[in-house]
Number of protein chains: 2
Amino acid sequence: MLSRLRRIQSKKNSAVCVGLDPDPDRMPAPLRDRSPLDATLVFCRSIIDATAEAACAFKLNFAFFEVLGPTGIQMLGEIARIIPDDCLTIADAKRGDIGNSARFYARSIFDEMGFDSCTVAPYMGRDAVEPFLARANTGAFVLTRTSNDGAADLQEACTCSGTPLYLHTARKVAEWSDDAPATGGLVVGATAPEALAEIREACPRLPFLVPGVGAQGGDPAAVMAAAHTDRAPVVVNSSRSILYASDGDDYAEAAADAARSLRDRLRGS
Amino acid sequence: MLSRLRRIQSKKNSAVCVGLDPDPDRMPAPLRDRSPLDATLVFCRSIIDATAEAACAFKLNFAFFEVLGPTGIQMLGEIARIIPDDCLTIADAKRGDIGNSARFYARSIFDEMGFDSCTVAPYMGRDAVEPFLARANTGAFVLTRTSNDGAADLQEACTCSGTPLYLHTARKVAEWSDDAPATGGLVVGATAPEALAEIREACPRLPFLVPGVGAQGGDPAAVMAAAHTDRAPVVVNSSRSILYASDGDDYAEAAADAARSLRDRLRGS
């Protein structure tokens, strides 16, 4: 996954990941008369068409599709397939289980739905993460230092031999990824720039998926300065500030503008 | 959820949770010619019919259904509905996300599929757990000290003010559950009996979901002695040693025997 991500970013000069969190209560005006399922599919297609040129990745938040029932689950695979080849697909499913459970989750997300990568929760340790690192050409972004308030409860409050839990997790992922067929990566929020720099220093070879810019307030330029390298790129996710840039007829154009604007800010231009 | 669990356990004098992990590669002989979907449904129905009398709960492992695609997801709700009212239903989905994502996962599992409770991952902190504690008559079992080898990587390796991460998590869940409409509970593996006793002492009011007996080797009687109280009951899960007690025509009877045997060992008789 890493070499493909590098190629895509190099070709498009973009670190933007568009987060597809299609909230049924926030559909733009022209889609409000449709059924939730139909509105979600049309909305995602329009956003992808409008923003793919400025993006290097799309992240699908599974919660927003699972709430639509079995047809919503089917839609996850359909949407993964319509995303252009010059964008990485990220299954934001935050799976975390062991043994056959983890292998079946990985099979479902990579083989059946066809995603390039997946977000994974680290609490259960190595045997919960490794099954997601077992397929060539895929990747796993492991929750490390998240962008929410609750990051303080465990990730910052606990330490391991003097190292904060988030940094301990990052180092473990680096260790588990070593020689794995897939690419290990980290989820590190933009809302804690010092942690971002600290984790980058400890893990110079891992790509980062960075949420928390846009609606959550993280600074895009600071993220790139702290963590992006050619060797270990950063993918910066924005969901709401792109999806809901306008709730009118021009929602797709407004999303395209927001994606281009974020791309340019990440370029430092 | 807690008062209902207490009533069920008191009526049936059973702490057995039957874990439904229907592995398509381990179907009993009479089901092997069926399609994976059909075999899974028939297998789960037979196991439920055969074991419900000896069980206080059924736990559905989402991975084994998600791998079957959208129809597998639909089956989760169907199976939750056929489980008798005198057994608790546990969605073993290990969800862990924040904000609308967590609310949509909770809506999907509790409202759409109709489960009584769900397993939840704590790494992201309070805002990932609380949305699962917001509905009356439901419950959330939060991963605390799991039964796998990887528990050593974070849960045991890290500390918070001298307290192991697993105990810190347990105390946080107790705090977050206080005055919540739902019941907070903990997932604590049978493979670490000292941790089980330590967590029970720190959290005298929380029910435990205990995996790790049976195939994983934990001692059922030691679990009950260390952690079960009338006020805060323990639900002991067994999956493989019940589901695969026989792979022949008598698989349902063998499962019933295995469930009764575990029930009796948990009773200390």
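Residues numbered from 1 in each chain as written. Chains lettered and ligands numbered in written order. Predicted model: local features only at pLDDT ≥ 70, side-chain atom pairs only at ≥ 80, totals over all residues.

With respect to the overall build of chain A
Selection rule: Only DSSP runs of H or I covering at least 4 residues are called helices, and only runs of E covering at least 2 are called strands; the numbering of each starts at the N terminus. Note on method: radius of gyration uses C-alpha positions; expected globular size equals 2.2 Å times residues raised to 0.38. Burial is judged by counting the other C-beta atoms within 10 Å of a residue's own C-beta: 20 or more makes it buried, 12 or fewer makes it exposed, and any count in between marks it as partly exposed, with every C-beta position built from the backbone. A residue pair is marked as a contact if its C-beta atoms, positioned from the backbone, fall within 7 Å.
Scanning chain A for helices and strands turns up eleven helices and ten strands. Its C-alpha atoms give chain A a radius of gyration of 18 Å, within 12% of the compact-globule value 18 Å for 269 residues. Put simply, chain A has 269 residues, and 59% of those count as buried. Long-range pairs, those at least 24 residues apart, make up 72% of the contacts in chain A with a sequence separation of at least 6.

Let's talk about the interface of chain A and chain B
For clarity, the threshold we go by: In this classification, Asp, Glu, Lys and Arg are treated as charged, Ala, Val, Leu, Ile, Met, Phe, Trp, Tyr, Cys and Pro as nonpolar, and every other residue, Gly included, as polar.
Each partner contributes to the interface: chain A provides 47 residues, whereas chain B provides 47 residues. Going through the elements one at a time, helix H3 (62–66), helix H4 (70–82), helix H5 (99–112), helix H6 (126–129), strand S6 (159–160) and helix H7 (165–177) of chain A are the ones with two or more residues in the side of chain A that touches chain B. Per-element accounting of the side of chain A that touches chain B gives the leading share, seven residues, to H5(A). Of the residues belonging to the side of chain A that touches chain B, the class tally is 21 nonpolar, 15 polar and eleven charged.

Focus: the relation of the copies chain A and chain B
This is how it is decided: Least squares is used to superpose the copies, and the fit set is the C-alpha atoms of residues whose pLDDT is at least 70 in both copies.
Superposition record for chain A on chain B: RMSD 0.0 Å, screw rotation 180 degrees, translation along axis 0.0 Å. Considering both components of the superposition, the chain copies are consistent with a two-fold axis. The position closest to the rotation axis in chain A is occupied by the C-alpha of Pro70(A), lying 2.3 Å away. The fraction of interface residues of chain A whose copies in chain B are also interface residues reaches 100%, indicating that both copies meet through the same surface.

Some words on the environment of Glu253(B)
Residues and elements named next belong to chain B. Topologically, Glu253 is positioned in helix H11 (residues 251–267). Judged by C-beta crowding, with 14 C-beta atoms within 10 Å, Glu253 ranks as partly exposed. Once the C-alpha coordinates of Glu253 and Ile83 are considered, the two residues, 170 residues apart in sequence, prove to be 18 Å apart.

So, the sheet that holds strand S4 (residues 117–120) of chain B
We count it as follows: Following DSSP output, two strands are said to pair if at least two bridges run between them. Note on method: axes are straight lines fitted to C-alpha atoms, helices fitted across the in-contact stretch only, with angles between N-to-C directions ranging 0 to 180 degrees.
Taken in spatial order, the eight strands line up as S1-S2-S3-S4-S5-S8-S9-S10 (chain B) and close into a barrel, and their pairing is parallel. Taken pair by pair, the neighbouring strands of this sheet meet at an average axis angle of 30 degrees, ignoring direction.

Re the pairing of strand S8 (residues 183–188) of chain A
Residues and elements named next belong to chain A. The criterion, for reference: Crossovers are described as right-handed under a simple rule: with the strands pointing away from the observer, the path leading from the first strand over the helix to the second runs clockwise.
Burial analysis of S8 places six of its six residues in the buried class, the great majority of the element. Burial along S8 is two-sided: Thr183, Gly185 and Val187 and Gly184, Leu186 and Val188, pointing in opposite directions, are all buried. As judged from the six bridges shared by strand S5 (residues 139–145) and S8, these two strands associate in the parallel manner. Looking across to S8, one finds that Leu143 is bridged to Val187. In this sheet, strand S9 (residues 208–210) lies alongside S8 in parallel orientation, the contact comprising two bridges. Bridge pairing in S9 places Leu186 opposite Phe208. Taking the sense of rotation as the criterion, the β-α-β connection linking S8, helix H8 (residues 193–202) and S9 turns out right-handed.

Here's the deal with the packing of helix H2 (residues 36–51) of chain B against helix H4 (residues 70–82) of chain B
Residue and element names in this part refer to chain B. The following threshold applies: Throughout, the term roughly parallel applies to angles under 35 degrees, roughly antiparallel to angles over 145, roughly perpendicular to angles from 65 to 115, and oblique to all others. Each crossing gets its handedness from the near helix: less than a right angle anticlockwise from the far helix is left-handed, clockwise is right-handed.
Running from N to C, H2 and H4 point in directions that differ by 15 degrees, and their axes come no closer than 11 Å. In terms of orientation, H2 lies roughly parallel with respect to H4. For H2 against H4, the interelement crossing comes out right-handed. On H4, the residues that touch Leu37, Thr40, Leu41, Cys44, Arg45 and Ile48 of H2 are Thr71, Gly72, Met75, Ile79 and Ile82.

Some words on the pairing of strand S3 (residues 88–95) of chain B
Residues and elements named next belong to chain B. Where burial is concerned, most of S3 is hidden: eight out of the eight residues are buried. Two elements, strand S2 (residues 57–61) and S3, share five bridges in a ladder whose sense is parallel. The residue of S3 that forms the bridge with Lys59 is Ile90. Sheet topology note: the S3/S4 ladder contains three bridges and is parallel. When the bridges of S4 are listed, Ala91 appears paired with Cys118.

Here we look at helix H11 (residues 251–267) of chain A
All names here are of chain A. Put simply, the rule is: Helix span, as expected, comes to 1.5 Å for every residue beyond the first. Note that the arc is defined by the directions from the helix axis to the C-beta atoms.
Taking 1.5 Å of rise per residue, 17 residues should cover 24 Å, and H11 covers 24 Å from first to last C-alpha, within 8% of that figure. Within H11, the full set of buried residues consists of Tyr251, Ala252, Ala255, Ala256, Ala258, Ala259, Leu262, Arg263 and Leu266. Seen along its axis, H11 keeps its buried residues to an arc of 165 degrees; they face one direction. Contact partners of the buried residues in H11: strand S1 (16–20), helix H2 (36–51), helix H9 (220–227), strand S10 (234–238) and helix H10 (240–243). Of the residues trailing H11, Gly268 is marked for its positive phi of about 80 degrees.

Focus: the sheet that holds S8(A)
Residue and element names in this part refer to chain A. Taken together, eight strands build a closed barrel; the order of strands is S1-S2-S3-S4-S5-S8-S9-S10 and the barrel is parallel. With strand direction ignored, the average angle separating the axes of adjacent strands in the sheet is 30 degrees. Seen against the sheet, H9 touches S9 and S10 and runs at an angle of roughly 160 degrees to S10.

With respect to the environment of Pro220(A)
Summarising the element assignment, Pro220(A) is placed in helix H9. In this structure, the C-alpha to C-alpha distance between Pro220(A) and Asp257(A), residues 37 residues apart in sequence, is 16 Å.

A few points about unusual backbone geometry
All names here are of chain B. A positive phi angle, close to 50 degrees, is found at Lys94, a residue other than glycine. Its place among the elements puts Lys94 in strand S3. A count of 28 C-beta atoms within 10 Å places Lys94 in the buried class. A positive phi angle, close to 50 degrees, is found at Ser161, a residue other than glycine. Structurally, the position occupied by Ser161 is in the loop between strand S6 (159–160) and strand S7 (163–164).

Structural notes on the confidence of the model for chain A
Our working rule: Along the chain, pLDDT gives the predictor's confidence residue by residue, from 0 to 100.
With 100% of its residues at a pLDDT of at least 70, chain A reaches an overall mean of 96. Both scores are available for the predicted complex, with the pTM at 0.97 and the ipTM at 0.96.

Things to note about the environment of Ala54(B)
All names here are of chain B. Mapped onto the secondary structure, Ala54 falls in the loop between H2 and S2. Residue Ala54 is classed as buried on the basis of its 22 C-beta neighbours within 10 Å. The sequence separation of Ala54 and Ala259 amounts to 205 residues, and the corresponding C-alpha distance is 6.1 Å. Not counting the four nearest positions on each side in its chain, Ala54 is found in contact with Ser14, Val16, Ala256, Ala259, Arg260 and Arg263.

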